[in-house]
Amino acid sequence: MAGDLILRLLIWFLLTADFSWINIFLGIHIAILLPLGYKSPGALDDWLSVLGKIIVAIPLAYIEAFDIILRPHHYEDVVLERVEERRTPGLIFLDIFLITFTPKTIVLRYREDGCYEVHRVCRRKSP
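Here is what the cut-offs are and how they apply
- For every chain, the first residue of its written sequence is number 1, and the numbers climb from 1 along that sequence.
- Under the rules for a predicted model, residues below a pLDDT of 70 receive no local features and side-chain atom pairs below 80 are neither given nor counted, while totals for whole chains, interfaces and linings still include all residues.
- Side-chain numbers here rest on the full set of heavy atoms in the structure, without hydrogens or water.
- Each reported salt bridge corresponds to a side-chain nitrogen of Lys or Arg within 4 Å of a carboxyl oxygen of Asp or Glu.
- Throughout this description, buried means an accessible area under 20% of the type-specific maximum (1.4 Å probe, protein chains only), exposed means over 50%, and partly exposed covers the range between.
- The way it works is that DSSP assigns letters per residue, a run of H or I at least four long becomes a helix, a run of E at least two long becomes a strand, and they are numbered from the N terminus.
- What qualifies as a polar contact is a pair of N or O atoms within 3.5 Å, subject to a donor-acceptor requirement within protein and to the restriction that residues adjacent in sequence count only when both atoms come from side chains.
- Whether two residues are in contact is decided by their heavy atoms, any of which lying within 4.5 Å being enough.
- Within this scheme a cavity is a closed region of a 1 Å grid, computed over the protein atoms alone, that accommodates a 1.4 Å probe without allowing it to escape, whereas a pocket is open but has protein on both sides within 12 Å along at least five of seven lines; lining residues each have an atom within 4 Å of a point.
- Grid points are joined across faces, edges and corners, and a volume is the space filled by probe spheres set on the points.
- Between any two strands, pairing holds if DSSP finds at least two bridges.
- The angle between two axes is taken between their N-to-C directions and runs from 0 to 180 degrees, where each axis is a line fitted to C-alpha atoms and a helix contributes only its stretch in contact.
- How sure the predictor is of each residue is captured by pLDDT, a score from 0 to 100.
- Take the buried Ala, Val, Leu, Ile, Met, Phe, Trp, Tyr and Cys residues and link them wherever side-chain atoms come within 4.5 Å; each set so joined is a nonpolar core.

Describing the pattern of salt bridges
Moving on, step 1. A full pass over the atoms with the stated rule returns seven salt bridges.
Moving on, step 2. Across the salt bridge formed by Arg111 and Asp113, the nearest N and O atoms sit 2.7 Å from each other.
Moving on, step 3. Note on Arg111: relative accessible area 22%, which makes it partly exposed.
Moving on, step 4. The class for Asp113 is partly exposed, based on a relative accessible area of 43%.

What follows is the structure, encoded as structure tokens:
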């Protein structure tokens, strides 16, 4: 808890670049009033795996864009992709962003039963 408050106060000082008494007073109160974040036990592993997926998604987006340009995709379909277990709202947002980042797919909606509806374009008709 104290580490979180110190980190928030440090960020406050970096943002404001002002060490006057009133700014220190405001920074301490804002650091205390901000709600504490939700922490799950495996969140760091999940965040690191998403970071790896982001690194892979950037070149994949370029490959898919050139593929669509060179070989037109005339078919499309909607598929359901299951959300991984223990996903925080931030990780769900990143999952949706990664799916939508590539040119061939876009998330239509997140369903409450734990699935994404994903629209895809493809070269051949799905069976």
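From this point on, the discussion continues.
Side note on the side chain of Lys104
Moving on, step 1. Inspection of the secondary structure assignment puts Lys104 in the loop between α4 (89-101) and β2 (105-111).
Moving on, step 2. Side-chain polar atoms of Lys104 contact the side chain of His73, separated by 3.2 Å.
Moving on, step 3. Discounting chain neighbours no more than four positions away, the residues touching Lys104 are Glu64, Asp67, Ile68, His73, His119, Arg120 and Val121.

Considering the layout of surface pockets
Moving on, step 1. Of the volumes computed, that of the largest pocket is approximately 310 Å³.
Moving on, step 2. What lines the largest pocket is a set of 16 residues, among which Lys53, Glu81, Asp95, Leu98 and Ile99 lie closest to the centre.
Moving on, step 3. Elements represented by at least two residues in the lining of the largest pocket include exactly α3 (43-70), β1 (75-82) and α4.
Moving on, step 4. At five residues, α3 tops the list of elements feeding residues into the lining of the largest pocket.

Quick notes on the sheet that holds β2
Moving on, step 1. The strand order across the open sheet formed by three strands is β1-β3-β2, and the pairing between neighbours is antiparallel. Edge positions in the sheet fall to β1 and β2, since each of these pairs with one other strand and no more. On average, each strand axis in the sheet is tilted by 25° relative to the strand beside it, whichever way the strands run.
Moving on, step 2. Summarising the sheet, β2 and strand β3 (residues 115-122) pair through six bridges and their orientation is antiparallel. Residue Thr105 lies in a different strand from β3, and its bridge partner there is Arg120.
Moving on, step 3. α4 rests against β1, β2 and β3 of the sheet, and its axis sits at about 150° to β2.

Focus on the confidence of the model for the protein chain
Moving on, step 1. When the pLDDT values of the protein chain are averaged, the result is 83; 90% of them are 70 or greater.
Moving on, step 2. No element of the protein chain has a lower mean pLDDT than helix α1 (residues 2-16), at 78, and none a higher one than β3, at 91.

Side note on the nonpolar core
Moving on, step 1. Judged by nonpolar contacts, Val83, Ile92, Ile99, Val107, Tyr116 and Val118 together constitute the single largest core of six residues.
Moving on, step 2. For this core, the secondary-structure elements that each account for two or more residues are α4 and β3.
Moving on, step 3. Counting five residues, the second-largest nonpolar core is a separate cluster that includes Val50, Ala57, Leu91 and Leu98.

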